[in-house]
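# Summary of the model geometry
Take a look at the letters that make up each chain.
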Amino acid sequence: MTATVLPVQRDLSGLFRAALERAVSSGALALDPAAIPDPALERPRLPEHGDWATNVALVLAKAAKAPPRAVAEAMVAHLELPDWVAGVEVAGPGFVNVRLDQMWFAALVRRVLAAGESFGTIDLGHGERVNVEFISANPTGPLHVGNARLAPMGDALANLLTATGHKVEREYYFNDAGSQIEQLGASVEAAYLGLLGRPAEAPADGYKGAYVADAAGELQAEQGDALADLDPDERRARITDWAFRRMLAGIRETLARLGVEFDVWFSERTLHDTGAIAETVDELRARGVVEDRDGAVWLRTTQFGDDKDRPLIRSNGAPTYFGADAAYYRDKRRRGFDRLIFLWGADHHGYVPRMRAVVRAFGDPDDVAEFHISQLVSLVRAGQPAKMSKRAGDIATVDDLLDEVGKDAFRYTMLRFSLDAPIEFDVEAVTRQSLDNPVYYVQYAHARIASVLRQGTGTGFSPLPVDEADLGLLTHPMEAALLRRLAAFEEQVLTAAGQRAPHRLTRYAEDLAAAFHRFYGECRVLTDDHALSSARWWLVNSTKRVLANTLALIGVDAPERM
RNA sequence: GCCUCCGUAGCUCAGCGGAUAGAGCACCGGCCUCCGGAGCCGGGGGCGUGGGUUCGAGUCCCGCCGGGGGCACCA
């Protein structure tokens with residue numbers, strides 16, 4: 001349910017509440033005045049049902065011991081309508097539909113143009129500090145599409161939270177301490193020695209992708225054979241460190257191409273090096289939720305809803321990955337965040353209960369941390385499944401995809417679907433059908449408006465100033481439909497932010513673009529009628545603005561030409 | 001076996017407990033003397049299944065069926 005937070009919703013809700021109170025005090029309704037709720041305002045699905053509707057009569061029918069329609073009639077009879085409401089009507093089983101006056105839409109257009117880039121922002125968060133952690137793929141190879149699905153998603157979510165009044169930081173957590181990194185080092189080392197014609201055996205479960213050979217080639221170009229004759233331990237350590245940095249830099253380059261920038265790159269190793277893990281264990285021990293068993297240190301996560309306890313420290317004294325994650329959680333909280341959002345891939349699914357347990361083990365309320373799991377992206381080439389394992393060799397990297405489809409199509413395609421829906425990304429299809437991709441449909445609407453505006457300016461059209469133009473002329477059905485779509489933007493931002501569902505924005509963008517294209521087919525902007533053309537000029541200007549703001553939230557360009 | 005996500009049009013997916021369930025693709029048929037045809041208009045077709053909650057269920061709860069993912073002192 002959409003929270004009643006928009007000014008227009010609050011105003012209408014207040015009107016209906018006042019009407020109910022008057023109906024009760026006049027005896028028209030038999031209700032306890034204290035039982036009158038704040039009427040909820042929602043969008044009717046059908047345009048014929050007006051701009052807003054309240055179901056309050058259906059909700060109150062039982063308490064009022066009257067049929068819903070009778071409650072609605074009594075309420076409406078006691079309504080005092082402001083001039084910006086054109087009318088209300090009781091409909092269906094007892095809904096009260098509200099039709100806004102044309103002057104409300106005229107004010108909307110002026111509000112869009114006055115607010116500009118900030119149209120659609122609304123302060124719900126009151127500066128709440130939110131950390132959004134996403135991707136966090138281990139730097140053992142290039143980013144692949146599975147991980148990269150979360151790049152536009154996390155970035156757009158961060159944009160949405162910023163737009164709704166939160167103070168947001170984007171964070172990437174990378175594992176630079178584990179055996180996977182050592183495997184990477186060993187793999188690159190073997191490839192490097194191989195290039196030099198030295199005997200070298202690639203680790204059996206090492207990484208085999210072409211990028212390993214590429215990295216080895218770069219290393220050779222950089223260092224020649226200088227590393228070959230080092231002490232094996234030092235050579236391994238130096239190559240591992242070099243390879244890890246190389247991979248991390250590659251990931252950052254890829255993310256830069258995607259238009260994603262992180263505020264914080266967090267190294268797992270620092271948790272080990274600074275003693276944070278040991279401190280975390282101590283703190284949890286002090287809270288009485290840790291137990292020593294079989295030489296290992298366990299967090300009693302079962303006490304907090306997990307199905308089995310989890311070790312923080314192995315019996316050999318080394319921290320587990322989970323131990324590091326507990327320390328990482330503690331670190332984020334100590335940095336002062338009010339809320340932590342984790343966007344994880346499907347493979348981390350089983351990890352959620354134990355991390356929830358960590359939240360509770362620290363005595364934090366559940367809603368401090370949100371864990372969102374994205375379903376898989378399966379990559380398909382010409383109908384054939386493509387392997388995505390970094391170890392398997394045949395990987396399709398995000399860079400490859402970006403070369404083929406570009407940043408905007410990539411981001412938009414990944415953002416069109418709910419996190420809960422698996423995506424089948426057919427490279428062939430996205431490439432071949434790129435002209436039919438919805439992203440172009442939306443961008444085309446923006447470019448088309450820009451073209452109209454250029455045309456007008458180029459031919460010397462000079463609209464009346466927006467405050468003088470008669471926006472009441474915008475009464476054509478296509479104009480009315482377009483105004484309705486514009487009016488929906490703010491609630492779309494609220495809903496998308498509140499539900500952590502950026503994909504709603506792409507659907508909205510398509511609706512808005514469609515409303516514009518239909519308008520465009522029926523209504524000429526530049527005509528001999530100066531008053532009408534002026535009104536339409538500001539209408540398409542505000543449409544362009546809202547399209548641009550929507551695309552900005554999802555990180556897609558709004559082109560003037562294409 | 002346990003946990004979890006999903007099941008809506010031929011395909012890919014939207015759908016905030018509300019009224020007559022939508023879009024794109026595909027298919028068929030129309031629309032450029034006029035601001036960009038990357039567009040517009042029309043057509044056919046759908047909520048896996050059985051209960052429950054509710055004034056009202058595609059939406060919430062339980063079962064069943066079907067599919068994806070996850071189950072480590074791995075990372």
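Just so it is clear, the structure is predicted and the values come from calculations on it, not from any experiment. (Residues numbered from 1 in each chain as written. Chains lettered and ligands numbered in written order. Predicted model: local features only at pLDDT ≥ 70, side-chain atom pairs only at ≥ 80, totals over all residues. Heavy atoms only, no water.)

### Quick word on the overall build of chain A
- Helix and strand content of chain A: 20 helices and 15 strands.
- Reported as C-alpha extents along the three principal axes, the dimensions of chain A are approximately 90 × 65 × 40 Å.
- Sorting the 562 residues of chain A into buried and exposed places 52% on the buried side.
- Taken as a whole, chain A presents about 24500 Å² of accessible surface, with 50% of it coming from carbon and sulfur.
- Charge separation in chain A, taken as the distance between the mean sites of 62 positive and 79 negative side-chain charges, equals 2 Å. (Helix = DSSP H or I, 4+ residues; strand = E, 2+ residues; numbered from the N terminus. Buried < 20%, exposed > 50% of the residue type's maximum accessible area, 1.4 Å probe, protein only. Areas by Shrake-Rupley, 256 points an atom, 1.4 Å probe, with all protein chains shown as cover. Lys, Arg positive; Asp, Glu negative; His and termini not counted. Charge placed at Lys NZ, Arg CZ, Asp CG, Glu CD.)

### As for the sheet that holds strand S1 (residues 41-42)
- An order of S1-S2-S4-S3 is seen for the four strands of this open sheet, with the pairing classed as antiparallel. The strands lining the two open edges of the sheet, one partner per strand, are S1 and strand S3 (85-91).
- Across six bridges, S3 lies against strand S4 (residues 95-100) in antiparallel orientation. Across the sheet, Gly87 pairs through a bridge with Arg99, a residue of S4. (Pairing = 2+ DSSP bridges.)

### Some details on helix H17 (residues 477-487)
- Of the positions making up H17, those classed as buried are Glu479, Leu482, Leu483, Leu486 and Ala487. Looking down the long axis of H17, one finds its buried residues gathered within 140° of arc, a one-sided arrangement.
- In this fold, the buried residues of H17 make contact with helix H4 (102-115), helix H18 (489-498), helix H19 (503-522) and helix H20 (530-554). (Arc of directions from axis to C-beta. Contact = heavy atoms within 4.5 Å.)

### Digging into the domain arrangement of chain A
- Domain annotation for chain A reports domain 1 (7-100) and domain 2 (105-119 + 435-553).
- Centre-to-centre, using C-alpha coordinates, domain 1 lies 31 Å away from domain 2.
- At the junction of the two partners, domain 1 supplies seven residues and domain 2 supplies five residues.
- On the domain 1 side of the contact with domain 2, Arg43, Asp51 and Leu100 bury the most area, a combined 70% of that side's loss.
- As a salt-bridge pair, Asp51 and Arg484 come within 3.0 Å of each other at their nearest N and O atoms.
- Joining domain 1 to domain 2, the criterion identifies four residue pairs in polar contact (both at pLDDT 80 or more). (Domains from an automatic or database assignment. Buried area = accessible area lost by both parts, 1.4 Å probe. Salt bridge = Lys/Arg side-chain N within 4 Å of Asp/Glu carboxyl O. Polar contact = N/O pair within 3.5 Å; in protein donor to acceptor, adjacent residues only side chain to side chain.)

### Quick word on the confidence of the model for chain A
- Within chain A, residue pLDDT values average 92, and 95% of them lie at 70 or more.
- Between the elements of chain A, mean pLDDT differs from a low of 63, seen in strand S14 (residues 384-385), to a high of 98, seen in H20.
- The low-confidence segment residues 388-394, where pLDDT is below 50, has 30 contacts with residues more than four positions distant or belonging to other chains.
- Among the prediction metrics, the complex's ipTM stands at 0.95, with pTM recorded as 0.95. (pLDDT = per-residue confidence, 0-100.)

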